[in-house]
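# Results of the structural survey
Each chain, written out:
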Amino acid sequence: MGVRRLVAAGPCPGSSPATTGWAEAPRPGHRGRSGRGRVRGGCCPVGPGRRLAERTSPRRRERRRREMVTHTTSVKRSGQGYDATPFLPGRRAGLPGLRRAAAGCRGCPLYEDATQTVFGEGDTSARILLLGEQPGDQEDRQGRPFVGPAGKVLERALADAGIHPDGTYVTNAVKHFKFTVPEGRKRRIHKSPSLREMTACRPWLVAELQRVRPELVVALGSTAGKALLGPSFRVTEQRGALLPWPGLDDGGGDGSGGGRVDDGVRGLVATIHPSAVLRADDRDAAYKGLVSDLRVAAHALDDGGGGSSS
Ligand code: SF4
C-alpha cells in the first residue's frame with residue numbers, strides 16, 4: 001500500500017476532503033486551480049501547500065535573512081528608521097509564532113547588549129493585559145516578563161485588588177532590556193527606553209493585543225502610559241481612572257499605509273510601575289496606591305470592560 005503524503009488542508013479542488021485539518025496530497029498529474037503547471041512536491045501552485053512550501057523553502061529563508069541583515073545594517077548606520085515591522089510574521093501567526101519571530105528582532109539596537117527578547121506571556125485569552133516598560137535584569141536573564149522583585153510586588157498587588165494573576169497577560173512596551181554599566185562596576189543599571197525605541201517596538205505590542213484581545217489594558221508606569229497615550233502622558237495626573245482606549249495603529253508594515261487596528265480593547269487604567277513601590281520612601285503608601293488603582297481596573301471588568309472616564 002502506498003504511503004499517502006499529507007499537506008496543509010485548504011480549498012484545493014484537487015485534494016481529498018480535509019479531515020482533521022490536513023488533507024491528502026493532490027492526485028498525480030493534478031494541475032492546480034490555476035492550471036499552470038504540474039504539481040511537484042506540494043499542493044496546487046495557488047493552494048496552501050504551495051504557500052507552505054514557499055514559507056519554508058531554503059531560497060525564501062535566505063532571501064528573508066538577507067533582507068533582515070540589510071535592514072539591521074541600515075538601522076545601525078543611519079540611526080533612523082528603527083522599526084520591528086520587518087521582523088513580524090504574517091498576520092495569521094499566533095502568539096507562539098510571534099514569540100519565535102520576536103526572538104530574532106533587530107528592529108532597533110537594543111538587542112545588541114541584551115541577553116534575549118522578553119516576549120509577553122500569560123493567559124492568551126485574558127480579559128486584562130498588563131503593560132510594563134521593559135524587562136529588568138532578572139527578566140533579561142530568564143527571558144520572562146515580571147519574574148524579578150517588581151513582578152512579585154505586582155503579583156501581590158493584583159491578588160489584593162481582586163484580580164487573579166493567572167487570568168492576566170503581561171508584557172512590556174519594549175522587549176529588550178536597556179541598561180548601562182557604570183565604570184568600575186559590574187551591575188547593570190536600568191535605563192529608560194527612548195521614544196524612538198518604544199515606537200520601534202510597538203508593532204509587537206499591537207500584534208499581541210490583536211491576538212489576546214483583552215477588554216482592558218493596565219499601563220504600569222510612565223513609559224507604558226507614554227507608549228499608549230503619547231509623550232504628554234503623566235502617570236501622577238492620569239493614574240487610577242478608567243480612560244478611553246486611544247487605539248493603536250500598526251505602522252503600515254504590511255504596505256497598507258498603516259491605520260487603527262481592531263484590537264478589541266475598550267478601556268485603559270494607568271498606575272505606577274511596581275518597581276516604584278520598591279524605590280519609594282514610603283513603600284506602604286506606594287503599595288496601597290498601586291492596589292487602589294488596580295481595583296479600578298477590577299471594577300471596570302466587573303462592569304463589563306469600560307471605555308469611558310470615571
Ligand atoms: S526592543 Fe523591540 S524593536 Fe528593538 S530589537 Fe528588541 S524587540 Fe526589536
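Residues numbered from 1 in each chain as written. Predicted model: local features only at pLDDT ≥ 70, side-chain atom pairs only at ≥ 80, totals over all residues.

### Some points on helix 5 (residues 149-160)
The terminal C-alpha atoms of helix 5 lie 17 Å apart, and with 12 residues this matches the ideal 16 Å at 1.5 Å per residue to within 8%. Where helix 5 is concerned, the buried positions are Ala150, Gly151, Val153, Leu154, Ala157 and Leu158. For helix 5, the angular spread of buried residues about the axis comes to 155 degrees, placing them on one side. Against strand 5 (168-172), helix 9 (274-279) and helix 10 (283-302) lie the buried residues of helix 5. (Helix = DSSP H or I, 4+ residues; strand = E, 2+ residues; numbered from the N terminus. Expected span 1.5 Å × (residues − 1). Buried ≥ 20, exposed ≤ 12 C-beta atoms within 10 Å, placed from the backbone. Arc of directions from axis to C-beta. Contact = placed C-beta atoms within 7 Å.)

### Here we look at the site of the ligand
Lining the immediate surroundings of the ligand are 16 residues, of which Cys105, Gly107, Cys108, His176 and Cys201 lie closest. The greatest single-element share of the shell around the ligand, amounting to four residues, is contributed by helix 6 (residues 195-212). Residue composition of the shell around the ligand, grouped by class: 10 nonpolar, three polar and three charged. (Near = placed C-beta within 6 Å. Nonpolar A, V, L, I, M, F, W, Y, C, P; charged D, E, K, R; others polar.)

### Comments concerning the sheet that holds strand 10 (residues 267-271)
Within the open sheet, the six strands sit side by side as 3-5-4-8-10-9. Their pairing is mixed. Of all the strands in the sheet, the pair left with one neighbour each is strand 3 (121-122) and strand 9 (242-244). Two elements, strand 4 (residues 128-132) and strand 8 (residues 216-220), share four bridges in a ladder whose sense is parallel. Each residue of the ladder has a partner; that of Leu131, found in strand 8, is Ala219. Set on the sheet, helix 7 (residues 222-229) makes contact with strand 4, strand 8 and strand 10; between it and strand 8 the angle comes to about 130 degrees. (Pairing = 2+ DSSP bridges. Axes fitted to C-alpha atoms, helices over the stretch in contact; angles between N-to-C directions.)

### Details of the pairing of strand 5
The element strand 5 is largely enclosed, with a buried count of five among its five residues. Neither face of strand 5 is left uncovered, since the one carrying Thr168, Val170 and Asn172 and the one carrying Tyr169 and Thr171 both have all their residues buried. Sheet topology places strand 3 next to strand 5; two bridges connect them, and they run antiparallel. Within strand 5, the residue paired with Glu121 across the bridge is Val170. Of the pairings in the sheet, the one linking strand 4 to strand 5 comprises five bridges and is parallel in character. Looking at strand 5, one finds that Gly132 is bridged to Asn172.

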